[in-house]
Amino acid sequence: LSIRRQRQMCIRDRYDISIGGSISMDITPKGLGKGQIAQHLRQRYPDEKIIFFGDRTFEGGNDYELAQALLKLENTQVVQVASPEDVLMYLKNNG
């Protein structure tokens, strides 16, 4: 393997990389991504319904890890949105 290829493999072994938006990437050490936030939210708000709005909740998106972690908890919902207007529309129709 080339030195460049070896470096790439080393990086993928140590870091999670996801597309953060149209011009960004999220790079975090393995196991320290957004998913760890879910338990903290539930501990802080044990009886509240948690609704998470994300524009990249699909696999490979930067919201995916948190969305999946939240869906494992009771009384949570994940809503895929494309814009702030989508959030307002959801709140208007479901509030």
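Since the model is a prediction, treat every value here as computed from it, not as a measurement.

(A) Quick peek at the overall build of the chain. When its secondary structure is counted, the chain shows four helices and four strands. Put simply, the chain runs from its N terminus to its C terminus through helices and strands in the order α-β-β-α-β-α-β-α. Buried positions account for 24% of the 95 residues belonging to the chain. Summarising the internal contacts of the chain: among those between residues at least 6 apart in sequence, 50% fall at separations of at least 24. Counting only carbon and sulfur atoms, one obtains 53% of the accessible surface of the chain, whose full area is about 7200 Å².

(B) Unusual backbone geometry, seen in detail. The residue N75 is not glycine, and still its phi comes out positive at about 60°. Secondary-structure assignment places N75 in the loop between α3 (64-71) and β4 (76-80). Note on N75: relative accessible area 41%, which makes it partly exposed.

(C) Spotlight on the side chain of D63. Looking at the secondary structure, you find D63 in the loop between β3 (50-54) and α3. You can call D63 buried: its relative accessible area is 7%. Beyond its immediate stretch of four places on either side in the chain, D63 contacts K34, F52, G54, D55, R56 and T57.

(D) Structural context of the side chain of R42. Mapped onto the secondary structure, R42 falls in helix α2 (residues 37-44). No salt bridge is formed by the buried R42, whose closest oppositely charged neighbour, D47, lies at an N-O distance of 6.8 Å. From its side chain, R42 meets the backbone oxygen of E48 in a polar contact 2.8 Å long. Other than its neighbours up to four places away in sequence, R42 contacts D47, E48, I50, L73, E74, N75 and T76.

Reading the values: rules and limits
Residues numbered from 1 in each chain as written. Predicted model: local features only at pLDDT ≥ 70, side-chain atom pairs only at ≥ 80, totals over all residues. Heavy atoms only, no water. Helix = DSSP H or I, 4+ residues; strand = E, 2+ residues; numbered from the N terminus. Buried < 20%, exposed > 50% of the residue type's maximum accessible area, 1.4 Å probe, protein only. Contact = heavy atoms within 4.5 Å. Areas by Shrake-Rupley, 256 points an atom, 1.4 Å probe, with all protein chains shown as cover. Lys, Arg positive; Asp, Glu negative; His and termini not counted. Salt bridge = Lys/Arg side-chain N within 4 Å of Asp/Glu carboxyl O. Polar contact = N/O pair within 3.5 Å; in protein donor to acceptor, adjacent residues only side chain to side chain.

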